[in-house]
Amino acid sequence: MKNITITVDVEEDCPPMLTSTRGMEKGLPKLLDLFKKERIKATFFVTGEMAEQYPDLIRRIPEEGHELGCHGYTHARFDRMGKEEAKIALKQAGNMLRQFEKRVISFRAPNLRFPESYLELLEEEGFRYDSSLAAYKPPFFQKIKMEGKIIRIPATITSSFLRLPQDIFIPVLRRITAPVIFVHPWEFVDMSGMPVRPDCKFNTGEKALENLKALIHASKVENCLFLTLEERASLEKL
């Protein structure tokens with residue numbers, strides 16, 4: 001049976017270009033409300049900083065049946081950190097997030113950049129799944145693979161693709177058996193007047209929310225299962 005995994009990278013607005021948190025205050029509640037109404041589960045990769053600043057919102061994630069994952073402590077890129085700095089960041093983030101949910105075992109690096117030599121740090125900090133690879137970025141990994149004890153699950157497509165017209169992105173995703181998609185809370189706030197890249201502006205706000213609803217409904221028509229990242233990994237025989 002076909003399945004789809006919706007993931008949410010929970011961070012400040014369009015980092016590093018902005019440090020505001022309109023997405024946390026307005027976008028994240030919209031996403032949680034939508035998933036609750038549609039009765040689907042998702043995986044939320046949350047930075048430690050956002051968990052610290054918005055505990056009531058983050059608490060809703062496990063309470064409403066979603067998987068709570070880690071997105072680092074800040075949104076700093078791990079490929080620009082030394083190994084000791086990366087280890088400290090992972091420990092800080094894990095300690096913060098496990099105040100909301102003891103079982104935090106999925107990880108995605110900011111900007112989907114995570115050095116392979118740092119995978120052992122994920123093992124040390126209790127993570128089992130990594131979604132820091134992207135099928136649309138070099139080296140274009142398409143399949144789930146195991147490296148050491150970490151199962152790596154690539155993201156299928158960039159989040160801005162989901163803000164294109166529905167007759168473009170929905171047929172593409174229908175041809176993929178088990179897509180792993182991702183969005184950000186700030187995409188569900190109107191970013192058109194903000195000093196950010198064009199791909200971070202177009203079709204944000206209500207248009208993005210309508211597109212996500214359309215994707216959910218199209219997936220339901222095809223009887224897709226909505227799986228968390230952990231559930232998706234459990235289907236693989238590695």
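For the structure itself, consult the block above.
Parameters and conventions
Residues numbered from 1 in each chain as written. Predicted model: local features only at pLDDT ≥ 70, side-chain atom pairs only at ≥ 80, totals over all residues. Heavy atoms only, no water. Helix = DSSP H or I, 4+ residues; strand = E, 2+ residues; numbered from the N terminus. Buried < 20%, exposed > 50% of the residue type's maximum accessible area, 1.4 Å probe, protein only. Contact = heavy atoms within 4.5 Å.

Trainee: Before we move on, could you go through unusual backbone geometry and cite the residues and values that matter?
Mentor: What is expected of a backbone is that most residues other than glycine have negative phi and most peptide bonds are trans. Note the cis peptide between Pro15 and Pro16, where omega equals 5 degrees. By secondary structure assignment, the location of Pro16 is in the loop between strand E1 (3–10) and helix H1 (22–38). A positive phi angle, close to 60 degrees, is found at Arg39, a residue other than glycine. Relative to the helices and strands, Arg39 is located in the loop between H1 and strand E2 (43–46). Take Arg39: its relative accessible area is 79%, and that puts it in the exposed class. In this structure, Asn111 takes a positive phi of about 60 degrees despite not being glycine. As for its position among the elements, Asn111 is in the loop between strand E4 (106–107) and helix H5 (119–124).

Trainee: So what about helix H3 (residues 55–63)? Which residues, and what values?
Mentor: All buried positions along H3 are accounted for by Leu57, Ile58, Arg60, Ile61 and Pro62. Buried residues belonging to H3 abut E1, H1, E2, helix H2 (48–53) and strand E3 (67–70). Phi turns positive one or two residues past the end of H3, at Gly65, with a value near 90 degrees.

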